[in-house]
Amino acid sequence: MDDHIFHAGERLVQERTGERGTALINRRSISPGIPAAARNFVGQQRWCVLGAADVAGAIWACMLSGEPGFVQASDDLRSLHVASRDPQGVLASMAPIADLQPAQSIAVLLIELQTRRRLRINGRVSQVTAQASAQALEVAVGQAFPVCPRYIQKRELLPLEAEAASEHRTRTAATSGTLLDEATSTWIAGADTLFIASLGPSEDADISHRGGRPGFVQQQGQVLRIPDFNGNSMFNTLGNLELESRCGLVFPDFEGARQLQLTGHARAHFGVDADIDQTGGTGRWIEFQVDSWRSTPLNLPQRWRLLEASPYNP
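As a starting point, this report considers the structure included with it. The structure presented is a predicted model; accordingly, all values stated were derived computationally and were not measured.

The rules behind each value
Residues numbered from 1 in each chain as written. Predicted model: local features only at pLDDT ≥ 70, side-chain atom pairs only at ≥ 80, totals over all residues. Heavy atoms only, no water. Salt bridge = Lys/Arg side-chain N within 4 Å of Asp/Glu carboxyl O. Helix = DSSP H or I, 4+ residues; strand = E, 2+ residues; numbered from the N terminus. Buried < 20%, exposed > 50% of the residue type's maximum accessible area, 1.4 Å probe, protein only. 1 Å grid on protein atoms, 1.4 Å probe; cavity = no way out; pocket = protein on both sides within 12 Å on 5 of 7 lines; lining within 4 Å. Points joined across faces, edges and corners; volume = space filled by probe spheres on them. Nonpolar A, V, L, I, M, F, W, Y, C, P; charged D, E, K, R; others polar.

On to the pattern of salt bridges, then. Applying the stated rule across the entire model yields 15 salt bridges. Between Arg46 and Glu67 there is a salt bridge, with the nearest N and O atoms lying 3.5 Å from each other. Here Arg46, found in the loop between α3 (39–44) and β1 (47–53), pairs with Glu67, found in the loop between β2 (59–65) and β3 (71–73); they are 21 residues apart in sequence, far enough to count as distant. By relative accessible area, which is 26% here, Arg46 ends up partly exposed. Residue classification places Glu67 among the partly exposed positions, given a relative accessible area of 42%. Here the residues in one salt-bridge network are Glu19, Arg210, Asp228 and Arg284, joined through shared partners.

The structure is reproduced here in structure tokens:
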């Protein structure tokens, strides 16, 4: 069967797991532009997650925050506009935002925690405009598709008082390192959400969500073990890792308006001997080797309250 949607790595994992047929059905949701039904959804979002490479070739994932309307779809639904306010100059040194160049591959994930809706958009940077207190980004859309609500923890955005915003600016400093320390290990151990950026053929960027109960990510020194629960059977991330090991993670701090970014290399493991709670019965996980990390504040502070864990969490 002719298949120009999935690349060789994705097809390999689909065949290996016996989920090729399901993937071929689900590929019908992939379109070359933003779905018309998603236009309002795009404009309502208060944050998004990006994945791309920096100038050294390392892959990073990062979060951007804003007011409704900071992300907009073009009239023809073939491009995405992201205009981020940056009053404290956070984005000027945040990977990969600080290094984006026209024609560079980029992935965008829009996710609405309160409704568990999400939309993945992959494309190319068409324009970047950086100013002292703002940044604008235009993305030419290559493909877009909605994703199921599984493993998303339901949260609501809390009103942020002026005093809290001021405290965020004065007390939230950026830190970085190569070895995971006690603070970053504690952060990871308590996380119920992360995002992973990876690269496919021609260094096409992709970004996806991973969720579970706190502690679903296990740490062994500099290696993080991330379970691969049942999903849409397309295996975009695992397929990419079959061809390219470079990838990046970002862990949100929903209460502290921060993000923990990590870059490194990863490999997918299949048929692992693990308890059902560890992989949800799939026998798959990703082992991520940390090369370096950064803890940074959001460009605009946001704080979220947990309402309900996903009923799909193992």
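There is more to say after this.
Taken as a whole and judged by the stated rule, the model has two cavities of 30 Å³ or more. Of the voids in this model, the largest cavity is the one considered here, and its volume is about 320 Å³. What lines the largest cavity is a set of 23 residues, and nearest its centre among them are His209, Arg210, Asp228, Gly231 and Asn232. At four residues, strand β11 (residues 205–211) tops the list of elements feeding residues into the lining of the largest cavity. Across the lining of the largest cavity, the residue classes break down as nine nonpolar, nine polar and five charged. Put simply, the second largest cavity is a space of about 50 Å³.

Honestly, that's just the spatial picture; any functional story needs more than this.
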